[in-house]
Amino acid sequence: MNSAIREYVERHSSPQPEYLDRIERETNLRLVNGRMCSGHLQGRLLKMLVSMIKPDRVLELGTFSGFSALCIAEALGPDATLDTIEIDDELEDFIRDNLASSHCGAKVRLHIGSAEELLPGWQADSFDLIFIDADKRRYCKDFELCLPLLKKGGYIIADNTLWDGHVVDPSKSRDPQTRGIMEFNEMLRSRTDLETVIIPLRDGLTLIRKTGIPS
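Cut-offs and rules
Residues numbered from 1 in each chain as written. Predicted model: local features only at pLDDT ≥ 70, side-chain atom pairs only at ≥ 80, totals over all residues. Heavy atoms only, no water. Pairing = 2+ DSSP bridges. Helix = DSSP H or I, 4+ residues; strand = E, 2+ residues; numbered from the N terminus. Axes fitted to C-alpha atoms, helices over the stretch in contact; angles between N-to-C directions. Contact = heavy atoms within 4.5 Å. 1 Å grid on protein atoms, 1.4 Å probe; cavity = no way out; pocket = protein on both sides within 12 Å on 5 of 7 lines; lining within 4 Å. Points joined across faces, edges and corners; volume = space filled by probe spheres on them. Nonpolar A, V, L, I, M, F, W, Y, C, P; charged D, E, K, R; others polar.

Reading across the sheet, the 7 strands line up as E3-E2-E1-E4-E5-E7-E6 and stay open at both edges, with mixed pairing between neighbours. If you trace the sheet from one side to the other, it starts and ends with strand E3 (108-112) and strand E6 (194-199), each paired once. Strand-to-strand, the axes of this sheet are offset by a mean angle of 15°, without reference to chain direction. As paired strands, E6 and strand E7 (residues 205-210) are joined by 6 bridges and run antiparallel to one another. Residue pairing for E7: Leu 194 is matched across the bridge by Lys 210. Against the sheet, helix H4 (residues 67-74) touches strand E1 (57-61), strand E2 (81-86), E3 and strand E4 (127-132), its axis set at about 165° to E1. Contacts from helix H8 (residues 176-190) reach strand E5 (150-159), E6 and E7, with the element oriented near 35° to E7.

Considering only enclosed or pocket space, the largest pocket measures out at about 1300 Å³ in volume. Lining the largest pocket are 49 residues; nearest its centre among them are Met 36, Asp 133, Lys 136, Asn 160 and Trp 163. Going through the elements one at a time, helix H1 (3-11), helix H2 (18-30), helix H3 (39-53), H4, E2 and helix H6 (115-118) are the ones with two or more residues in the lining of the largest pocket. At 3 residues, the largest contribution of residues to the lining of the largest pocket is made by H3. Across the lining of the largest pocket, the residue classes break down as 16 nonpolar, 17 polar and 16 charged.

Following this line, the structure appears as structure tokens:
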């Protein structure tokens, strides 16, 4: 999406709350790789998808600054909750401050640690929606950890699945993160118990529905 089209689309999409403007700005100012923040357009799409799916429980892998967690929480029902996992403990104070800046933050439970350590033992079939936006090298492994936790008919949203277009550039295939995304995309393509579609928005967003029925 070229810059003129992106600006037009954002101008004609609903604005985000002021606290998200502030978090996005501070994320880019204070954190390395601030561009990892979902941003206005993707944030509004996440909110819209959550509004449509109406989940009772949501799981997020990769909290980063808390921006996407708050976009998800913004659309949750009064009794719905979001569990979000962040492996970088140095981000904890920044995340908690950002969550506290919005009334939606009360719906979010932050867990510090790796998904590999935390998720085993969590109740199966307990989540309606899972958002994966963590280490791209681990996407296949994280997906396999998450899938048993997802209810039949539930959805997984995976971010960065086009990875700056590197997925179609053979010269980038030696990069571990690019290879991780390519393997993830190929794995999804081979699964007959899932419905998938890649949305070429920003860095690629894949929507996955767990049908549980081989086609």
